[in-house]
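Structural overview for review
What follows is each chain in one-letter form.
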Amino acid sequence: TRSLCDWSSDVCSSDLRVIGHVADRSEFFSLLGSARAYIHGHSVGGMNPSLVEAMHAGARVAALDTAFNRETISGTGSFFEVALLAEALQAVLDEPAPESERLRAAARCRAAEEFSTPAVVGAYESLLLAAAAAPARRLMALPTHWSERR
């Protein structure tokens, strides 16, 4: 596998540190909230809990451009294609501080409103009640809490 610095060698400097695993959750959330950016590179699997955690911590999120990440972030961060990672990182580094702070605040707000335990439990409850009320043995598609808010 290629390292992050191999993919973005022209921006690897004192501005970019790949720190590896951080076991202490307090330290981890502090790093997320104070870093210039959280690079989210997950490409499969739906809404990713680590992305929501980063949003909740107030991270400036730059995520791989996938449908799942777009639905999760919904305008509170930026997206990149793997081949254009260096350009995406440079754009974050060049971003004015007020714009970065606006995106961080929006991400925190979205995480609290859309992905809190009560919001997720309520969404599942609504979905299960709608499925239970539907005619038996019918294929159906039901909108979710998140698809209705696009």
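The rules behind the values
- Residues numbered from 1 in each chain as written.
- Predicted model: local features only at pLDDT ≥ 70, side-chain atom pairs only at ≥ 80, totals over all residues.
- Heavy atoms only, no water.
- Patch = residues over 30% accessible without salt bridge, like charges linked within 9 Å, V, L, I, M, F, W, Y side chains within 5 Å.
- Areas by Shrake-Rupley, 256 points an atom, 1.4 Å probe, with all protein chains shown as cover.
- Salt bridge = Lys/Arg side-chain N within 4 Å of Asp/Glu carboxyl O.
- Helix = DSSP H or I, 4+ residues; strand = E, 2+ residues; numbered from the N terminus.
- Buried < 20%, exposed > 50% of the residue type's maximum accessible area, 1.4 Å probe, protein only.
- Contact = heavy atoms within 4.5 Å.
- Polar contact = N/O pair within 3.5 Å; in protein donor to acceptor, adjacent residues only side chain to side chain.

1. Points about a nonpolar patch on the surface
A surface patch of nonpolar side chains, amounting to about 310 Å² of accessible area, comprises Tyr124, Leu127 and Leu128. Summarising the element assignment, Leu127 is placed in helix H7 (residues 117–133).

2. So, the environment of Glu53
When you line up the elements, Glu53 lands in helix H3 (residues 49–56). On the accessibility criterion, Glu53 (26% relative accessible area) is partly exposed. In sequence terms Glu53 and Phe29 are 24 residues apart; their C-alpha atoms lie 8.1 Å from each other. Not counting residues up to four positions away in its chain, the partners in contact with Glu53 are Arg25, Phe28, Phe29 and Leu32. In terms of polar contacts, Glu53 uses its side chain to reach the side chain of Arg25, at 2.5 Å.

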